[in-house]
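Architecture at a glance
The chain contents come next:
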Amino acid sequence: MGTQIPILIIVIPLLASFLIVIAGWVNKNYCFPLTLAAQGAALAAALVTMSKVLINGPISYRIGGWAPPWGIEYRVDHLSAMVLVVIAAVAFINLVATRKYVQSDFPSKSSSFYGLYTLFVTGLLGVVITGDAFNLFVLLEITALTGYALIGMGGGHAPLASLNYIFMGTIGASFYLLGVGYLYLATGTLNMAELAKLIPQMAGSKVILTAFVICLTGLYMKMALFPLHAWLPNAYTCAPSAAIGIIAPLTTKVMIYILVRITLYVFTPEFSYAHTSLNHAMVWLAAVAVVAGSTLALSQRSLKSVLVYVIVAEVGYMVGGLWLANRSGITGAILHIVNDAAMTLCVFLAAGSILFKLKSDSFGALKGSFRKMPFSMAALAVGGLAIIGVPPTCGFFSKWYLISGAIEAGQYQFMAALIFSSLVNVVLFFRIFEIGYFEPFKTHEHHHGPSAASISEGPLATVAMVLLVSLGLILLGLYSGQIVNTIIWPAIPPGIT
C-alpha cells in the first residue's frame, strides 16, 4: 500500500470529481461531503508521501509498471513533496471556509462547482508530481480548463474575464507545448530525468536554446509575469469568492514551481544559468514586474483589486529570486511559493468574508469594518503584515533570503524593487486599516468599541479558517529555518552556492 500512495494523491480526487457530479443528480447534499472526503484523503496522502521523502529520499512511481521513456513516471522529491502538501492543504481549508458561499452563489449548481473544484485540484497535484514533460502539459490543461470554468461561474463580467483568460492561457500553453516538441525533436525523450542528463551534453544546440526560451515564454504568460499579466486582474476580481480562494493562492505559485522545475531540474543550472546568459535580463524583468505590480496596486479602489495587483508583484519576487542563480535567491523563491500561497489564502478568505457580509469590497464599504467584523479584519491585518514582510510572519523570512541573494549577486536593482514593493504594501494595507478602523459607519460610533450587537461576522466556518490561516502565517515564519534546512536546501541542485 505504501508504494501506491503517490498515485493515490491523483487518483482519489480524479475519481471523486466524477462521483461528485453523479451524486449531484441524486441529491446535491452529497456533493460537499464527497468533496471534503476526497480533499482530506489527498491531503493525508500528500503528508504521508512527504514524510516518506524526508526519511527515505525521492520516490519514483511508474504508471502501469512501464519504465520511462516508454511509460510515464511520477516522481516526488523534497520540492514536489512540499508543494503537494501546500496544494492539498489550501484546497481543504478553502473548501471548508467557503461552503456558505457555494450554497448562496450556486444553489442549483453546487455539484458542477464541486466537481470542477476537485478536478482543478487534481490537475494542480498532477502538474507537481509528474516526471514527464508532455504529461505536465496535459495536466496543465486540465487545471486551466477547470479554472476557466470556475471563474466563468461568477456573475457580472466573469464570463468575459474568463474568455480573456482562455485566450491568454491557450497561447501560453501552446508556447510550452511547442517548446516540449523542440525538446523531443532534439533528445528523443520526454522524461524529465533523462532530459536533465542529455541537455548538458547538447548545451551548444540552437534547438535546445529555442525550446528553453519558448517554454519560458509560455510559463511567463501562464503565471502573469508583467507585462504578460493582462488576463489576471479581471479574472481574479470577477471570480466567485469560493473559486478565487483556491485559484489565487495556487495558480501562479504552481506556475512558479514549474518554472523552477524546468529551469533547475530539466534544463539544469549549467545550461539555464551558464549557457544562456539570461540571468541579468531576467532579474531586470522581475524587478520591473515588482515595481509595476506595486504601482498599479496603488491606483485601485477596492480590496480585491489591490490584492490581485499584489499577486502580480509577488510573481516578480519569485521569478527574480530564481534568476539570481545563487543559493540565497533560489531559497527565497522556493520559500516564497509556500509563504505566498498561505498569505494569499489568508487575505482572500478575509476579503471573501467581508464581501459576503457587506456585499461590497470597495474602500467606501470598508468604513468601520474593524468594529463590525473584528475577526475577519484582524486576519486581514495579519495577512497584510505578512505581505509587507513584518517579522515574525512568514513573509519576512522569504524576503530576507531574496534581498540577501540580490546583494550576493550584485543585483541591486532587484533589492531596490523589493524594498520599494514592501513600502508600497505598507501604504496599501495601512490605508485599508485606516479606513476600517478610523472611519466609522455612523458618526456617533466613533468613540465606541465593538459590542456583541454591532458585530456581524461572515460565516462561522470562514472566520474559523481565516483565523487558523492567519495563525499559520506566524507559525510558518517561526519554523522557516526548519523548512529551509530540511526541505528546501536538500532540493537545490549541488553546485549552486
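**Concerning the overall build of the chain**
Across its full length, the chain carries 21 helices and 2 strands. Relative to the compact-globule value of 23 Å for 497 residues, the chain shows a C-alpha radius of gyration of 22 Å, a close match. Principal-axis analysis of the C-alpha atoms gives the chain an extent of 75 × 60 × 45 Å. Counting over 497 residues, the chain shows a buried share of 59%. Working note: accessible area of the chain is about 18300 Å², and carbon and sulfur atoms make up 69% of it. Separation between the mean location of the 23 positive side-chain charges and that of the 15 negative ones in the chain comes to 7 Å.

**Looking at helix α11 (residues 241-266)**
Here α11 contains 26 residues, and its C-alpha end-to-end distance of 36 Å stays within 8% of the 38 Å for a straight helix at 1.5 Å per residue. The largest bend in α11 comes to about 35°, at I247, with the proline P249 one to four residues further on. Among the 26 residues in α11, 26 count as buried, and that is most of the element. The positive-phi residue at the C-terminal boundary of α11 is T268, with phi of around 70°.

**Concerning the packing of aromatic side chains**
Under the counting rule described, the total for this entry stands at 20 aromatic pairs. It is R371 that lies over the ring of Y437; its NZ or CZ is 5.5 Å from the centre.

**Overview of the confidence of the model for the chain**
The share of residues in the chain with pLDDT of 70 or more is 96%, and the mean pLDDT across the chain is 89. Taken together, the stretch residues 442-447 has pLDDT below 50 and engages in 5 contacts with residues farther than four places along the chain or on a different chain.

**Some words on the packing of helix α5 (residues 110-129) against helix α6 (residues 133-152)**
The geometry of a pair of packed helices is captured by two quantities: the angle between their axes and the separation between those axes. Running from N to C, α5 and α6 cross one another at 150°; their axes reach a closest spacing of 8 Å. Our classification of the angle between α5 and α6 gives roughly antiparallel. With respect to the hand of their crossing, α5 and α6 are arranged in left-handed fashion. For the pair α5 and α6, contact is made by F113, L116, Y117, L119, F120, G123, L124, G126 and V127 and by L136, L139, L140, I142, T143, T146, G147, A149 and L150, respectively. Grouping the amino acids of the contact of α5 with α6 by side-chain chemistry returns 13 nonpolar, 5 polar and no charged.

About the thresholds
Residues numbered from 1 in each chain as written. Predicted model: local features only at pLDDT ≥ 70, side-chain atom pairs only at ≥ 80, totals over all residues. Heavy atoms only, no water. Helix = DSSP H or I, 4+ residues; strand = E, 2+ residues; numbered from the N terminus. Rg over C-alpha atoms; globule rule 2.2 N^0.38 Å. Buried < 20%, exposed > 50% of the residue type's maximum accessible area, 1.4 Å probe, protein only. Areas by Shrake-Rupley, 256 points an atom, 1.4 Å probe, with all protein chains shown as cover. Lys, Arg positive; Asp, Glu negative; His and termini not counted. Charge placed at Lys NZ, Arg CZ, Asp CG, Glu CD. Expected span 1.5 Å × (residues − 1). Bend = angle between axes of the 7 residues up to and from the residue. Phe/Tyr/Trp six-rings, centres within 6.5 Å; stacked < 30°, edge-to-face > 60°. Lys NZ or Arg CZ within 6 Å of the ring centre and 35° of its normal. pLDDT = per-residue confidence, 0-100. Contact = heavy atoms within 4.5 Å. Axes fitted to C-alpha atoms, helices over the stretch in contact; angles between N-to-C directions. Parallel < 35°, antiparallel > 145°, perpendicular 65-115°, else oblique. Left-handed = near helix turned anticlockwise from the far one by under 90°. Nonpolar A, V, L, I, M, F, W, Y, C, P; charged D, E, K, R; others polar.

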